[in-house]
Amino acid sequence: MSRNELIKHLHKIVRQDPVVNEIMKSAGEDFDSIDSTLEDLYKQYFIDTATWGLDIWEKQLGIKIDYSRSLANRRSLIKAKLRGEGKIDAEKIKSVVDAWTNGNVDVELSSGKIKVTFNDVLGIPDEIEVVKATLEDIKPAHLALLFYFIYLTWDQFDAYNKTWDEWDALNLTWDQRETYQE
């Protein structure tokens, strides 16, 4: 709340007083600081906006705090841990994996196996080791965990209509070629 906003609430006679103006300026700065602190505190209640509050979420869920991870990855792990509570079924596993991939995975439970197919992400998604560890933590021990990844197919490769020289000019590694998208 700025000095001007505070002064609006005063009687006209005292609005011009320099002492009152200085007091209102100081009070306004204090109110702004309090507002900012309360807004930051409010953000910590929600995983998607929490920053320093992620430590609290992780501690409550028994997750080892790792500051080397990005905030986005720490948030994904918290979401996955929350989603993984209760009875395990294909929908629950999909929900846990979606915490990292933002959807479009297929999960199939059959013959003692959990098959997770990534449909949108070409190649191996980032943080796949954390996804594996999280699923290993929540799944029954007797179920095997299998991951299926998609790569650039020859049809997709041909559809780009590039010559070999044009491909070479991109200076891509083989892994980068396998996951190339325009």
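None of the values given here were measured: they were computed from a predicted structure. (Residues numbered from 1 in each chain as written. Predicted model: local features only at pLDDT ≥ 70, side-chain atom pairs only at ≥ 80, totals over all residues. Heavy atoms only, no water.)

Caption draft 1: The arrangement of the side chain of arginine 177 in detail. Counting through the fold element by element, arginine 177 comes out in helix H10 (residues 174–178). A residue is classified by how much of its surface remains accessible, and arginine 177, at 13% relative accessible area, is buried. Residues contacting arginine 177, with those up to four places away along its chain left out, are Leu152, Trp164, Trp167, Asp168 and Leu172. (Helix = DSSP H or I, 4+ residues; strand = E, 2+ residues; numbered from the N terminus. Buried < 20%, exposed > 50% of the residue type's maximum accessible area, 1.4 Å probe, protein only. Contact = heavy atoms within 4.5 Å.)

Caption draft 2: Quick peek at the domain arrangement of the protein. Taken domain by domain, the protein holds domain 1 (3–84) and domain 2 (90–179). One C-alpha centre belongs to domain 1, the other to domain 2, and the line joining them spans 38 Å. Contact residues are listed per partner, giving 9 residues for domain 1 and 11 residues for domain 2. The junction of domain 1 with domain 2 conceals about 890 Å² of combined surface from both sides, 54% of it contributed by carbon and sulfur atoms. One can count 2 salt bridges joining domain 1 with domain 2. The shortest N-O distance in the salt bridge between arginine 69 and glutamate 127 comes to 2.8 Å. The interface formed by domain 1 and domain 2 includes 3 residue pairs in polar contact (both at pLDDT 80 or more). Broken down by class, the residue content of the side of domain 1 that touches domain 2 amounts to 2 nonpolar, 3 polar and 4 charged. (Domains from an automatic or database assignment. Buried area = accessible area lost by both parts, 1.4 Å probe. Salt bridge = Lys/Arg side-chain N within 4 Å of Asp/Glu carboxyl O. Polar contact = N/O pair within 3.5 Å; in protein donor to acceptor, adjacent residues only side chain to side chain. Nonpolar A, V, L, I, M, F, W, Y, C, P; charged D, E, K, R; others polar.)

Caption draft 3: Local environment of the packing of helix H4 (residues 54–61) against helix H5 (residues 71–83). One way to put it is that H4 packs onto H5 with a least axis distance of 10 Å and a crossing angle of 35°. For the pair H4 and H5, the sense of crossing is left-handed. For the pair H4 and H5, the contacting residues are Leu54, Asp55, Trp57, Glu58 and Leu61 in the first and Leu71, Arg74, Arg75, Ile78, Lys81 and Leu82 in the second. Tallied by class, the residues present in the contact of H4 with H5 amount to 6 nonpolar, no polar and 5 charged. (Axes fitted to C-alpha atoms, helices over the stretch in contact; angles between N-to-C directions. Left-handed = near helix turned anticlockwise from the far one by under 90°.)

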